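# Architecture at a glance
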Amino acid sequence: MEKAPLLLPPTPLLPKPTASFWTSNSPLHRRGRWVLQPAVVLVLLLVATIPYWSGTSIANSCPETTVIQPAHQGLASPSALRASPYGDFPVANDPFRFLPCTGAAVLPALNNSNAPQAWAAQFDPNPDHWNWGAKKRNNQSLGDPFAGRGIYLCGYLDVPLDYTNKADPRVARLAVTKYQVLGLASSGSPPGTGKKSNRTIVVEPGGPGGSGVSYAWGSAEAISRRFSDDQFDVLGWDPRGVNSSLPSISCFPEDADRDRWYLLTSQFRATVSRSPRDQLEIADAMNEATFRACFEKYGDIGRFLGTSFVARDMEEIRIALGEDELTGYLVSYGTGIGQTYAGMFPDSVGRVILDGTEYVRDHRVLGGFGFTALDNITNAWHDGFLGECVKAGPKYCALAQPRDGKPVTLPDLDRRMSAMFSSLAAQPLPGYTKKTGPSIITYSALVSVIYGTMYSPRSWPPLAEILYDLEGGNTTSTAAALENNSWYYDPTLPCPAFEDTSSEELFNMVVCGDSYDAPEPAGDLDWWLSLWANMTTQAWIGGDSRFYSVFPCRRFKEFWPKPAEVFRGDLSYTLKHPVLLIAETYDPATPLRNGRRLAQEMGPNARLIVHHGYGHSSTADNSDCTIAASKAFILNGTLPEKSEIDCYANEKPYLYGVKLNTTSTPAAKVGTDPVAEMQENLRELEVMDPRFIRAQK
């Protein structure tokens with residue numbers, strides 16, 4: 001039954017800031033959960049979350065209420081008394097109202113009637129406080145100590161909350177970060193400095209829920225170098241409802257509140273203590289309660305979060321950039337945004353790469369976001385994690401060490417792992433760590449961690465050592481690995497200085513809204529039970545996680561029966577410029593089949609690179625061939641002559657850096673601390689070129 005509409009509650013004074021991998025609030029330190037939300041996995045493995053916005057807020061879970069003022073906040077800083085050698089910001093008529101990023105900017109609240117003035121007042125004129133790019137050349141002799149360095153600019157763009165109703169005055173305020181490769185011009189700068197580039201590479205890492213701001217903040221320089229030889233600017237934005245954009249969707253007051261119900265509602269099918277139906281009834285009740293909480297907090301906002309509106313927002317960004325066509329690098333769910341954009345704005349499509357391709361038609365089907373992602377996961381585990389381990393040998397993969405004195409073969413290793421997981425599904429194991437004390441090692445938690453590592457083959461060596469220890473009866477490293485990835489809230493950390501609750505709910509609201517008009521399944525809960533069984537049969541890794549990501553859609557229409565807009569056109573429109581698709585042979589989230597179906601439908605409007613490698617998206621397993629083709633396209637508009645070409649990864653998992661004798665990201669050797677190594681490999685994703693995220697696919 002449709003609920004009575006509510007008025008939009010007052011917008012919080014401060015947006016939810018982006019956490020940093022390097023702070024105590026990092027999701028890698030904060031036990032980011034990998035089970036309920038595969039989007040969390042992708043976002044963990046695609047984009048760096050470096051601090052962008054910070055603010056003053058009170059953490060409700062803290063015993064004392066304290067307000068911490070950020071450093072260099074506008075005129076509060078003594079340095080603000082001197083003028084900037086680069087002039088004042090925002091620059092007149094700048095639609096993004098860019099300020100040099102300082103890490104202290106706070107988006108004006110939506111109910112602030114003087115938002116532009118409040119934003120401009122936060123300009124800190126001291127260049128020493130600004131976030132500059134890496135130093136490329138020494139031009140200090142010209143009198144500018146920052147000459148030759150790019151600059152990170154922070155801003156926002158207001159767009160209609162409801163594009164379909166001009167009478168609705170509400171807006172969505174999109175947080176935006178741009179890396180300007182030519183920096184800023186002062187009296188001592190060389191000629192050409194301070195200008196925007198001829199093209200701007202717009203980036204979006206995935207999700208729904210992935211932060212393009214964080215992606216740009218952590219990876220823009222690498223992206224510009226990879227695709228344009230440092231010639232093009234890079235811009236990322238937080239889509240509506242995400243992270244620093246306003247309103248930011250999070251339906252639980254605290255992460256601990258979400259964690260409270262997690263174990264009860266997320267048991268995997270192989271481990272349910274009662275019947276699968278009993279488990280789904282529990283999860284279904286929680287899904288209804290969660291959507292009720294979202295509705296009570298946000299009212300009708302759930303109608304305006306879908307992919308078609310995000311595509312319209314991207315068109316507004318292109319217009320604000322003043323560029324005739326969109327140049328973009330869109331990853332994972334970002335490719336769904338890109339496909340929708342191409343269908344809605346075919347005359348605006350320029351040099352756009354869709355990497356880790358979804359097939360957006362799947363998202364119109366109930367449960368399609370889940371079951372169409374499972375093609376390659378089991379093969380990635382068997383051929384990749386296990387097969388490449390055996391090939392690498394015991395020096396580089398712990399699971400290749402013989403247990404009976406005989407060389408390890410792939411069939412034997414596969415049987416050993418299957419037996420271990422079957423045993424764990426039947427009976428959890430006791431665990432202990434000094435940090436959290438007693439625990440249990442469950443099938444659900446461990447398989448969730450494995451699914452996460454399938455996104456990043458560089459994390460396979462430490463996982464292999466953890467599984468080797470577990471097989472031998474040593475549960476210590478497994479317990480430590482699970483305690484880092486089981487919860488959002490960590491009671492051992494200091495109270496944060498700002499509100500920092502995570503949002504799984506935005507993911508569900510987008511996915512369910514995009515499929516709202518799918519035919520109702522016969523048998524209702526029986527249909528979902530059948531889907532759960534089919535998905536876990538197809539993929540024991542990922543099947544449960546993906547199922548739980550779509551199961552909430554059973555309740556979506558009770559609260560938001562009709563989204564404001566969904567895109568239902570085909571994907572064969574004639575585009576201003578063909579797009580470049582990249583699909584990976586062993587991608588655990590966006591199977592190769594997606595890319596080939598999409599390429600077939602788009603016809604002459606697309607070219608496809610089949611990237612032979614492991615992990616999610618092409619940069620999980622770098623290929624010089626893929627990089628060269630991508631750069632030729634973005635930099636010069638040159639497309640492969642054939643409709644489909646093959647590119648192969650430079651190296652193999654477990655042996656990264658070995659044959660090339662490089663010092664960057666060397667292969668892990670048996671005997672290191674596997675838990676620390678796994679965490680370090682995940683941190684390195686933020687500086688790897690160019691895909692790294694804590695966000696969501």
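- An unreviewed UniProt entry lists the protein chain under the name Alpha/Beta hydrolase protein, from Apodospora peruviana.

### Remarks on the overall build of the protein chain
- The number of helices and strands found in the protein chain is 21 helices and twelve strands.
- Counting only residues that meet the buried cut, the protein chain has 64% of its 697 residues in that class.
- A sequence separation of at least 24 residues applies to 80% of the contacts in the protein chain between residues at least 6 apart.
- Total accessible area on the protein chain stands at roughly 25400 Å², and carbon and sulfur atoms take up 53% of it.

### Focus: helix α11 (residues 410-426)
- Between its first and last C-alpha atoms α11 spans 24 Å; for 17 residues at 1.5 Å apiece the expected length is 24 Å, and the two agree.
- Those residues of α11 that fall on the buried side of the exposure criterion are L413, R416, M417, M420, F421, L424 and A425. For α11, the arc enclosing every buried residue in end-on projection is 165°, short of the 170-degree limit, so these residues lie on one face. Exposed and facing more than 90 degrees away from the buried side of α11 are R415 and A426.
- On the buried face of α11, the contacting elements are α10 (377-392), β8 (429-433), β9 (437-441), α12 (443-454) and α13 (460-471).

### As for the nonpolar core
- Ranked by size, the top nonpolar core spans 147 residues in total, and within it W381, F385, L399 and L467 carry the most contacts.
- Among the elements that make up this core, the one with the highest residue count is α12 (eight residues).
- Residues within four places of L399 in sequence aside, it is in contact with F385, C389, V408, L413, R416, M417, A464, L467, Y468 and E471.
- Counting 27 residues, the second largest nonpolar core, distinct from the first, contains V181, Y215, I223 and L580.

### Digging into the packing of aromatic side chains
- Taken as a whole and assessed by the stated rule, the structure comprises 41 aromatic pairs.
- Arranged with centres 5.4 Å apart and planes meeting at 85°, the rings of W381 and W540 form a pair that is edge-to-face. One end of the pair, W381, is in helix α10; the other, W540, is in the loop between α16 (525-538) and α17 (543-550), and 159 residues separate them in sequence.
- Between W527 and W528, the aromatic rings sit 4.8 Å apart at their centres with planes inclined by 90°, giving edge-to-face as the arrangement.
- Grouping aromatic residues by their ring pairs yields a cluster made of F268, W381, F385, F421, Y443, W460, W540, Y586, Y614 and Y654.
- Positioned above the aromatic ring of Y656 is the side chain of R458, whose terminal nitrogen or guanidinium carbon lies 4.0 Å from the ring centre.

### Comments concerning helix α15 (residues 505-514)
- Counting buried residues in α15 gives ten out of ten residues, a clear majority hidden from the surface.
- All of the buried residues in α15 are E505, L506, F507, N508, M509, V510, V511, C512, G513 and D514.

### Points about the packing of helix α6 (residues 276-298) against α15
- Where α6 contacts α15, the axes come no closer than 11 Å and their chain directions differ by 95°. When the axes of α6 and α15 are compared, the pair comes out roughly perpendicular. Touching T290, F291 and C294 of α6 are E505, N508, M509 and C512, all from α15.
- Class assignment for the residues of the contact of α6 with α15 results in four nonpolar, two polar and one charged.

### Notes on the state of the cysteines
- Taken as a whole and assessed by the stated rule, the structure comprises five disulfides.
- Each disulfide pairs two cysteine sulfurs, and for C512 the partner residue is C553, the sulfurs being separated by 2.2 Å. Note on the C512 and C553 pair: the S-S dihedral is about -90°, so by sign convention the disulfide is left-handed. Of this pair, C512 sits in helix α15 while C553 sits in helix α18 (residues 553-556), and the two are 41 residues apart along the sequence.

### Concerning the pattern of salt bridges
- Considering all chains together, one arrives at 31 salt bridges under this definition.
- The salt bridge partner of R170 is D168, with a shortest N-O separation of 2.9 Å.
- The class of R170 is partly exposed, set by a relative accessible area of 22%.
- Residues participating in the shared-partner salt-bridge network are D284, E288, D524, R554, R555 and E558.

### Here's the deal with the environment of G384
- Here G384 is to be found in helix α10.
- When the C-alpha atoms of G384 and K652 are compared, they prove to be 9.1 Å apart, with 268 residues separating the residues in sequence.
- For G384, the contacting residues outside a window of four places in its chain are N379, C389, W460, Y614 and Y654.

### Remarks on the confidence of the model for the protein chain
- Scored by pLDDT, the protein chain has a mean of 83; 79% of the residues are at 70 or more.
- Segment residues 1-81 is flagged for pLDDT under 50; beyond a separation of four residues in sequence, or across chains, it makes 316 contacts in the model.
- Contacts of residues 683-697 to residues separated by more than four positions or lying in other chains number 104 contacts, the stretch itself having pLDDT below 50.

### Description of the packing of α16 against α17
- Running from N to C, α16 and α17 point in directions that differ by 150°, and their axes come no closer than 8 Å. On the basis of the axis angle, α16 is roughly antiparallel to α17. For the pair α16 and α17, the sense of crossing is right-handed. Of the residues in α17, those in contact with W528, L531, W532, M535 and T536 of α16 are G543, D544, R546, F547, Y548 and V550.
- When grouped by side-chain class, the residues that make up the contact of α16 with α17 number seven nonpolar, two polar and two charged.

### Concerning the side chain of R555
- Here R555 shows up in helix α18.
- At 2.7 Å, the side chain of R555 forms a polar contact with the side chain of E558.
- Beyond its immediate stretch of four places on either side in the chain, R555 contacts D284, E288 and F291.

### Focus: unusual backbone geometry
- At the junction of F89 and P90, the peptide bond is cis and its omega measures out at 0° in the coordinates.
- Structurally, P90 can be placed in the loop between α1 (38-46) and β1 (99-100).
- The omega torsion across L246 and P247 is -5°, close enough to zero to call that bond cis.
- Within the secondary structure layout, P247 lies in the loop between β5 (233-237) and α4 (255-260).
- Its identity as a non-glycine residue notwithstanding, N243 has a phi of 55°, on the positive side.
- Tracing the chain through its elements places N243 in the loop between β5 and α4.
- Of note in this structure, Y654 is not a glycine but carries a positive phi near 75°.

### Quick notes on the pairing of β9
- Summarising the sheet, β8 and β9 pair through five bridges and their orientation is antiparallel. Directly across from T433, in β9, lies its bridge partner G437.

Analysis parameters
Residues numbered from 1 in each chain as written. Predicted model: local features only at pLDDT ≥ 70, side-chain atom pairs only at ≥ 80, totals over all residues. Heavy atoms only, no water. Helix = DSSP H or I, 4+ residues; strand = E, 2+ residues; numbered from the N terminus. Buried < 20%, exposed > 50% of the residue type's maximum accessible area, 1.4 Å probe, protein only. Contact = heavy atoms within 4.5 Å. Areas by Shrake-Rupley, 256 points an atom, 1.4 Å probe, with all protein chains shown as cover. Expected span 1.5 Å × (residues − 1). Arc of directions from axis to C-beta. Core = buried A, V, L, I, M, F, W, Y, C linked by side-chain atoms within 4.5 Å. Phe/Tyr/Trp six-rings, centres within 6.5 Å; stacked < 30°, edge-to-face > 60°. Lys NZ or Arg CZ within 6 Å of the ring centre and 35° of its normal. Axes fitted to C-alpha atoms, helices over the stretch in contact; angles between N-to-C directions. Parallel < 35°, antiparallel > 145°, perpendicular 65-115°, else oblique. Nonpolar A, V, L, I, M, F, W, Y, C, P; charged D, E, K, R; others polar. Disulfide = S-S within 2.5 Å. Salt bridge = Lys/Arg side-chain N within 4 Å of Asp/Glu carboxyl O. pLDDT = per-residue confidence, 0-100. Left-handed = near helix turned anticlockwise from the far one by under 90°. Polar contact = N/O pair within 3.5 Å; in protein donor to acceptor, adjacent residues only side chain to side chain. Pairing = 2+ DSSP bridges.

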